Amino acid sequence: MSSITSARVLRPVGTAGKLFAFGLDVGRGLFKRPFQWREFLQQAWFIASVTIIPTALVAIPFGAVIALQVGGLIKQFGAQSFTGSASVLAVVREAGPIATSLLIAGAGGSAIAADLGARKIREELDAMMVLGIDPIHRLVVPRVLACMFVAVFLNGLVSVVGVIGGYVFNVILQDGTPGSYLASFTALAQLPDLWQGMAKALVFGLIAAIVAAYKGMNAGGGPKGVGDAVNEAVVITFLLLFIVNFVMSAIYFQLVPPKTG
């Protein structure tokens, strides 16, 4: 019983180690030539096509909720002139990357895990290895780069739509003035805030793609195993994204001093 218990306890550690080793293999595959441009473009287009509309629709309530919450809180302190700046900071720093990561993991990551899992149970990956083709270089690397590429642009879309949504709801529902909302953009926000949001989106896309590819390439047990791999990939990615988001935010606040109004 003790050996079984210890094996269950150490299983997540082993999975984490294998996932890290898989990430290193993907990193090495980035420098192999020739690069699979066609696969990269196809995957980038597919991921963008399944995520761009849900991302735009999610960004509107994100921006609206942030504007309502921040606007109501700031109004209690009598600092309505900073509503626009605070809303922009919240969208660019946190809401944009988080919304992007959830949709990339939920839509793009699940599609990657399902595709590679189906190839695994059909023994296509084994056939590629027999032919001397590295599946990581041929299939995984283009998908990882496509996820990172699309995540950065989706983050920009969420930021723009979120700010516009926050502006509309602040002006209409909270009796804010358009001039003060727009004029306060630069009061607290600064350019490194935008770079931090982009860096988060890039890292989140990397994590989502690597986890999805790892679970897909290690799927087993037929179609049920593929479904389980997709579910596990999405759950693990969500957990990792929130942890990494906290770490990156903590590092950013230590390196970049806040701008005072």
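Residues numbered from 1 in each chain as written. Predicted model: local features only at pLDDT ≥ 70, side-chain atom pairs only at ≥ 80, totals over all residues. Heavy atoms only, no water.

For the protein chain, an unreviewed UniProt entry supplies the name Phospholipid/cholesterol/gamma-HCH transport system permease protein and the organism Nocardioides marmoribigeumensis.

**Student:** Tell me about the overall build of the protein chain, and name the residues and values.
**Tutor:** A count of helical and extended segments in the protein chain gives nine helices and zero strands. In the protein chain, the succession of helices and strands from N to C terminus is α-α-α-α-α-α-α-α-α. Taken over 261 residues, the protein chain has a buried fraction of 43%. For the protein chain, the proportion of contacts with a sequence separation of at least 24, taken over those separated by at least 6, is 87%. Accessible surface, the protein chain as shown: approximately 13600 Å² in total, 73% of it carbon and sulfur. (Helix = DSSP H or I, 4+ residues; strand = E, 2+ residues; numbered from the N terminus. Buried < 20%, exposed > 50% of the residue type's maximum accessible area, 1.4 Å probe, protein only. Contact = heavy atoms within 4.5 Å. Areas by Shrake-Rupley, 256 points an atom, 1.4 Å probe, with all protein chains shown as cover.)

**Student:** Residues and numbers for the side chain of E39, please.
**Tutor:** On the secondary structure map, E39 appears in helix α2 (residues 37-76). Leaving out residues up to four positions away in the same chain, E39 has contacts with R138, L139, P142 and R143.

**Student:** Pulling in residues and values, what's your account of the pattern of salt bridges?
**Tutor:** As enumerated under the stated definition, the model contains ten salt bridges in all. In this structure, E39 engages R138 in a salt bridge whose closest nitrogen and oxygen atoms are separated by 3.4 Å. Within this pair, whereas E39 is found in helix α2, its partner R138 is found in helix α5 (residues 135-173), the two being separated by 99 residues in sequence. What makes E39 buried here is its relative accessible area of 10%. Since its relative accessible area comes to 29%, R138 is described here as partly exposed. Residue E232 pairs with K215 through a salt bridge whose shortest N-O separation is 2.7 Å. Within this pair, whereas E232 is found in helix α9 (residues 222-255), its partner K215 is found in helix α8 (residues 191-217), the two being separated by 17 residues in sequence. By sharing partners, the salt bridges in this structure join E39, D115, R119, R122, E124, R138 and R143 into a single network. (Salt bridge = Lys/Arg side-chain N within 4 Å of Asp/Glu carboxyl O.)

**Student:** Go over the packing of α8 against α9, please, and point to the residues and values.
**Tutor:** As a packed pair, α8 and α9 sit with axes 9 Å apart at the nearest point and diverge in direction by 155 degrees. With respect to their mutual orientation, α8 and α9 come out roughly antiparallel. The hand of the α8/α9 crossing is right-handed. For the pair α8 and α9, contact is made by P192, D193, Q196, A199, K200, V203, F204, I207, A208, V211, A212 and K215 and by A229, E232, A233, I236, T237, L240, L241, V244, N245, M248, S249 and Y252, respectively. Across the contact of α8 with α9, the residue classes break down as 16 nonpolar, four polar and four charged. (Axes fitted to C-alpha atoms, helices over the stretch in contact; angles between N-to-C directions. Parallel < 35°, antiparallel > 145°, perpendicular 65-115°, else oblique. Left-handed = near helix turned anticlockwise from the far one by under 90°. Nonpolar A, V, L, I, M, F, W, Y, C, P; charged D, E, K, R; others polar.)

**Student:** I'd love a proper account of the packing of aromatic side chains, names of residues and values included.
**Tutor:** What describes a pair of aromatic rings is the distance from one ring centre to the other and the angle between the planes of the rings. The final tally for this structure, using the stated rule, is seven aromatic pairs. Between the aromatic rings of Y252 and F253, the centroid separation amounts to 5.7 Å while the plane-to-plane angle is 65 degrees, which identifies the pairing as edge-to-face. The class for Y252 is buried, based on a relative accessible area of 8%. Members of the aromatic cluster, each reached through a chain of ring pairs, are F35, W37, F40, F149 and F153. (Phe/Tyr/Trp six-rings, centres within 6.5 Å; stacked < 30°, edge-to-face > 60°.)

**Student:** Can you tell me about the nonpolar core, naming the residues and giving the values?
**Tutor:** Counting 38 residues, the largest nonpolar core has F22, I104 and V140 as its most contacted members. Breaking this core down by element, the ones donating at least two residues are α1 (2-29), α2, α3 (83-121), α4 (124-130), α5, α8 and α9. Top element by residues in this core is α5. It accounts for eleven residues. In this structure F22 touches I136, V140, I210, A213, Y214 and M217, once residues within four positions along its chain are discounted. V88, V91, V92 and A95 belong to the second-largest nonpolar core, a separate cluster that totals six residues. (Core = buried A, V, L, I, M, F, W, Y, C linked by side-chain atoms within 4.5 Å.)

**Student:** Can you tell me about unusual backbone geometry, naming the residues and giving the values?
**Tutor:** The step from R33 to P34 runs through a cis peptide bond, and the omega angle for that step is 5 degrees. Along the chain, P34 turns up in the loop between α1 and α2. A positive phi angle is found at E123, which is not glycine, with a value near 65 degrees.

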